[in-house]
Amino acid sequence: MALPVIATKGNLIQTKKSLELAKLGYDLLDRKRNILIREVMTLIDTAKELRGSIADTYSEAFLALQRANITMGVCESIAKGVPIEHGVHVSYRSVMGVEIPHVTLDPRPPEISYGLINSNSQIDRAYIQFGRAKQLTVVLAEVENSVYRLANAIKKTQRRANALQNIIIPQQEAAVKYITEALEEKEREEFSRLKVIKQTKAAKKTQEI
């Protein structure tokens, strides 16, 4: 443990200031960690609900697609006619200094990109369900990416808080104790020295009389 070599009042004042800053830093990191943990727990609950909804939606979509394939044959040509989605946008917001993504999908009504003659109600059902799954996937992507980023931030915050709590603060406290005891020892030595000098002068004056 590194301790100050020179025990002075200036070093004591500076070390006490460093100790207070370290304690303040730990308190702030502890608050940040708690806020991030609450945020993560909320998002995890949301993610669980979304996964369940997506699973049900995909299940219905694939079931409808399977029925369409049975009644009409493989619907590959219809699938190729569905346009590629380009309406996904990503922006960011800050939560305690952590950049959290906000993913949006351009709101627009479903556009039928296939002919009604060469399709049936199962194709329509599959198309609608896959559209819902796409919307839910966008929301889930935002939530899960946010959980990942927040989890990393919590780990970093935890490491910093642990370093302050287990290393920096104990070192500063030991340094304050070391300097305080050294200064007190110097004061005792100085007091003893002055007392001896006073006694010597008093003895010398008595002898002169």
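Please refer to the structure higher up on the page.
These figures come from a predicted structure and were not determined experimentally.

Caption draft 1: Quick peek at the pattern of salt bridges. This structure, assessed with the given rule, holds six salt bridges. Note that Lys23 is salt-bridged to Glu173, the shortest N-O span being 3.9 Å. With Lys23 in helix 1 (residues 9–72) and Glu173 in helix 3 (residues 121–208), this residue pair connects regions lying 150 residues apart in the sequence. We classify Lys23 as partly exposed; its relative accessible area is 32%. You can call Glu173 partly exposed: its relative accessible area is 37%. The residue Glu60 makes a salt bridge to Arg125 at a minimum N-O spacing of 3.7 Å.

Caption draft 2: Broad picture of a positive patch on the surface. A surface patch of positive charge is lined by Lys155, Lys156, Arg159 and Arg160. Examined against the element boundaries, Lys155 turns out to sit in helix 3. For Lys155, a relative accessible area of 52% puts it in the exposed group.

Caption draft 3: Here's a closer look at the environment of Val176. Mapped onto the elements, Val176 comes out in helix 3. Along the sequence, Val176 and Ile13 sit 163 residues apart, while their C-alpha atoms lie 8.8 Å from each other. With residues near it in sequence (within four places) discarded, Val176 still touches Leu12, Thr15, Lys16 and Leu19.

Caption draft 4: A look at the packing of aromatic side chains. Per the stated rule, a full pass over the model turns up three aromatic pairs. Between Tyr58 and Phe62 the ring centres are 6.1 Å apart and the planes differ by 25°, which places this aromatic pair in the stacked class. Highlighted residues: Tyr58 and Phe62, both in helix 1, separated by four residues, approximately one helical turn. Judged by relative accessible area, which is 31%, Tyr58 ranks as partly exposed. Residue Phe62 is classed as partly exposed on the basis of its relative accessible area, which comes to 48%. Pairwise contacts between aromatic rings join Tyr58, Phe62 and Phe130 into one cluster.

Caption draft 5: A look at the nonpolar core. Leu36, Val98, Val143 and Leu150 are the most contacted members of the largest nonpolar core, which has 15 residues in total. Elements with a contribution of two residues or more to this core: helix 1, strand 2 (98–105) and helix 3. Listed in part, the 12 residues of the second largest apolar core include Tyr26, Leu29, Leu164 and Ile179.

Caption draft 6: Spotlight on the pairing of strand 1 (residues 88–95). As judged from the eight bridges shared by strand 1 and strand 2, these two strands associate in the antiparallel manner. Residue His89 lies in a different strand from strand 2, and its bridge partner there is Thr104. Between strand 1 and strand 2, which pair antiparallel in sequence order, lie two residues; one of them, Met96, sits at a positive phi of approximately 55°.

Caption draft 7: Geometry of a nonpolar patch on the surface. Together, Leu21, Leu24 and Leu28 make up an exposed nonpolar region whose accessible area comes to about 310 Å². Relative to the elements of secondary structure, Leu21 occurs in helix 1. Residue class for Leu21 comes out exposed when judged on its relative accessible area of 60%.

Basis of the calculations
- Residues numbered from 1 in each chain as written.
- Predicted model: local features only at pLDDT ≥ 70, side-chain atom pairs only at ≥ 80, totals over all residues.
- Heavy atoms only, no water.
- Salt bridge = Lys/Arg side-chain N within 4 Å of Asp/Glu carboxyl O.
- Helix = DSSP H or I, 4+ residues; strand = E, 2+ residues; numbered from the N terminus.
- Buried < 20%, exposed > 50% of the residue type's maximum accessible area, 1.4 Å probe, protein only.
- Patch = residues over 30% accessible without salt bridge, like charges linked within 9 Å, V, L, I, M, F, W, Y side chains within 5 Å.
- Areas by Shrake-Rupley, 256 points an atom, 1.4 Å probe, with all protein chains shown as cover.
- Lys, Arg positive; Asp, Glu negative; His and termini not counted.
- Charge placed at Lys NZ, Arg CZ, Asp CG, Glu CD.
- Contact = heavy atoms within 4.5 Å.
- Phe/Tyr/Trp six-rings, centres within 6.5 Å; stacked < 30°, edge-to-face > 60°.
- Core = buried A, V, L, I, M, F, W, Y, C linked by side-chain atoms within 4.5 Å.
- Pairing = 2+ DSSP bridges.

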